[in-house]
Each structure stands twice: as C-alpha cells, then as structure tokens.
Amino acid sequence: MNTNYDDNNHLVLVGKVTSDKRFSHEIYGEKFYIFDLSVPRLSGNADNIPVTISERLLTMKDLVIGSKLEIDGQFRSYNSYDQEKNRLILTVFAKDINFLENQEEEVEVSNEIVSNEVTLDGYICKKPIYRKTPFGREISDILLAVNRAYNKSDYIPCIAWGRNARFCENIPVGTEVKIIGRVQSREYEKKYEDGTIEKKVAYEVSVSSLEVANQENNENGEENTEVAENQEAI
C-alpha cells in the first residue's frame, strides 16, 4: 500500500475562471470557497469543473472571471445528505494556485496538451460495469477508492474505453490499480417517476492508461483492501 497520499491522488489543471467564488464551508476558522474552472479539451470543447479553494491561497490576489489559472491539487469526493438521500459530490481540491494572465499566447497553446491530468492509485471497490454504446464503443464504469490521510478515502468514478474497458471487466474487487487520465464533466438527463426530466452534470476521470499495481500479490490472492468506510467533508 502506498502511504504517500499526495502520490495516491495528484492533479494539474489549467483553465479559465467562469464563475464568482461562493462559500462552501469552514473548518477550524479556515474558510473554503468553490468556483468553476473551464478546462479546454484538444477537441475544442471544454470541461467545466468545480474547484474548492482555501481563503489562504487568495491572500495576494482574488479570483476574477476570465482569468487563467494553474491548479495543483487532488480530485476528491464527499457525501452530501439531502432529504435522506446520499449523494457523492466530486470536486477538485486546490493545494496550490498559479495565476497565468501574463503568459504568452504561444505558451498557452503548448500548455493545452497537459492542461488536465490526474494520477490515481487506489482500489477497485465495485465490480466494473462493461457495456457498449449504440455506436459499438466499449466502455467500463469503475469506482476507485483512493486512500487519504486520517483514515479517509475518496471514491472516484472513472470511465475506461476500448481495450482498457475490456481489461477492466475482469478485474476483481479489491485490486489496486494505477490510473492516469483527465477530469471531465458530462451532462445527462435524469428522469423521475412523475415524468419530469432534470438536466444534471456528472464528473469523472476519463482513463488514458491503467495498470494493476502489485500484480504478483494480486495473483496470489493477497488482496489489499484498506479503505476508510466513512466519508467526511473536505
């Protein structure tokens, strides 16, 4: 098991602020805020990703809509209880921030290649769901439990494609895997029993590479499934 929790979950995003910051919560007198960051894809589209940030990272400069930032942090989750229903909330937790307004345009273009990368080392905590889209594209849905300090864990939904999807279909629950990918936002429609439809946004990691960690131990049946059962706020 990797006990360097920063290595278990590391993320870098480069994008533009698209919302004012709004208050999230306060812990031991430290206030945290949430804002939205638009991160470009190579296709020309963009992912709009929520970022949680401490007031202590904004002592020198405040957030302005349209400003360009580099975020170094982690992709985290916590449970939200609403009307006796439990929802998994996902957000980027900023550990460091760099304002990039003065960067040259040429640098901006080259940075887009690495403007969204997340590395996760965690454990498969539900059987992966393999399926095909109506166009025949292969997909596997994965839920990854990533250990954090103080006996906490982040539960990160991931999507694998193609041969990675086929490979994931047969990975046993409890297997430790290392994933590299990007954080993406995806709009979908939720239909309720009364016939109403609500548009929602899901956040997940789109997997670009995946490998089984400690494969020799996994093949011998020695599962390492140390995962904190309780989720707490960030």
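### Re the overall build of the protein
Tallying secondary structure elements over the protein gives four helices and twelve strands in all. In the protein, which comprises 234 residues, the proportion classed as buried is 41%. Counting only contacts in the protein whose residues sit at least 6 apart along the sequence, the fraction spanning at least 24 positions is 63%.

### Describing the pattern of salt bridges
Within the structure shown, the criterion is met by nine salt bridges. Taking the shortest distance from any N to any O, the salt bridge between Asp36 and Arg22 comes out at 3.2 Å. In this pair, Asp36 sits in strand β3 (residues 30–40) while Arg22 sits in strand β2 (residues 22–27), placing the two residues 14 residues apart along the sequence. Between Arg148 and Asp154 there is a salt bridge, and its shortest N-O distance comes to 2.7 Å. We note that Arg148, like Asp154, is buried. Shared partners join several salt bridges into a network, and the residues in it are Arg41, Asp47 and Arg182.

### Here we look at the nonpolar core
The biggest cluster of nonpolar side chains holds 39 residues, and the ones touching the most others in it are Phe35, Leu37, Leu69, Ile71, Phe75 and Cys158. Non-local contacts of Phe75, meaning those with residues more than four positions away in its chain, are made with Asn9, Leu11, Leu90, Thr91, Val92, Val118, Asp154, Ile156, Val183, Tyr203, Glu204 and Val205.

### Some details on the side chain of Ser140
Looking at the secondary structure, you find Ser140 in strand β9 (residues 138–148). A residue is classified by how much of its surface remains accessible, and Ser140, at 0% relative accessible area, is buried. Within the local environment of Ser140, its side chain forms a polar contact with the backbone oxygen of Ala165, the two atoms lying 2.7 Å apart. Every residue in contact with Ser140, bar those within four places of it in the chain, is listed here: Ile129, Tyr130, Cys158, Ile159, Ala160, Ala165, Cys168 and Glu169.

### A look at the confidence of the model for the protein
In this model, the protein carries an average pLDDT of 85, and 82% of its residues clear a pLDDT of 70 or more. Overall, residues 105–113 carries pLDDT values under 50, and its contacts beyond four positions in sequence, including any with other chains, amount to five contacts. Below a pLDDT of 50 lies the segment residues 220–234, which in the model reaches 37 contacts outside its immediate sequence neighbourhood of four places, other chains included.

### Examining the pairing of strand β7 (residues 116–124)
Taken across its nine residues, β7 has seven buried, putting it largely inside the fold. Taken together, the five bridges between strand β1 (residues 9–17) and β7 define a ladder with antiparallel strand orientation. Across the sheet, Leu11 pairs through a bridge with Val118, a residue of β7. In terms of strand pairing, β7 meets strand β11 (residues 176–191) through six bridges, oriented antiparallel. The residue bridging Val118 from the neighbouring strand is Gly181, located in β11. Bridge analysis of β7 against β9 gives two bridges, and the strand direction is antiparallel. In the sheet register, Tyr123 faces β9, and the bridge partner there is Ala145.

### Things to note about the environment of Ile171
With respect to the helices, strands and loops of the structure, Ile171 is situated in the loop between α3 (162–168) and β11. According to the relative accessible area criterion, Ile171 is buried, its value standing at 7%. As for Ile171 and Lys127, which are separated by 44 residues in sequence, their C-alpha atoms are 7.7 Å apart.

### Considering the packing of aromatic side chains
Counted by the stated rule, this structure contains two aromatic pairs. Here the aromatic rings of Phe23 and Tyr33 are separated by 6.0 Å at their centres, their planes lie at 80°, and the arrangement is edge-to-face. You can see Phe23 sitting in strand β2 and its partner Tyr33 sitting in strand β3, a full ten residues away along the chain. An angle of 35° between the planes, with centres 6.0 Å apart, marks the rings of Phe32 and Phe93 as tilted. Placement of Phe32 in strand β3 and of Phe93 in strand β6 (residues 85–99) is noted, with a sequence separation of 61 residues between them. Residue class for Phe32 comes out buried when judged on its relative accessible area of 7%. Lying across the ring of Phe99, Lys61 places its NZ or CZ 5.1 Å from the centre. A cation sits over an aromatic face here: Arg76 above Phe93, 4.0 Å from the ring centre.

Cut-offs and rules
- Residues numbered from 1 in each chain as written.
- Predicted model: local features only at pLDDT ≥ 70, side-chain atom pairs only at ≥ 80, totals over all residues.
- Heavy atoms only, no water.
- Helix = DSSP H or I, 4+ residues; strand = E, 2+ residues; numbered from the N terminus.
- Buried < 20%, exposed > 50% of the residue type's maximum accessible area, 1.4 Å probe, protein only.
- Contact = heavy atoms within 4.5 Å.
- Salt bridge = Lys/Arg side-chain N within 4 Å of Asp/Glu carboxyl O.
- Core = buried A, V, L, I, M, F, W, Y, C linked by side-chain atoms within 4.5 Å.
- Polar contact = N/O pair within 3.5 Å; in protein donor to acceptor, adjacent residues only side chain to side chain.
- pLDDT = per-residue confidence, 0-100.
- Pairing = 2+ DSSP bridges.
- Phe/Tyr/Trp six-rings, centres within 6.5 Å; stacked < 30°, edge-to-face > 60°.
- Lys NZ or Arg CZ within 6 Å of the ring centre and 35° of its normal.

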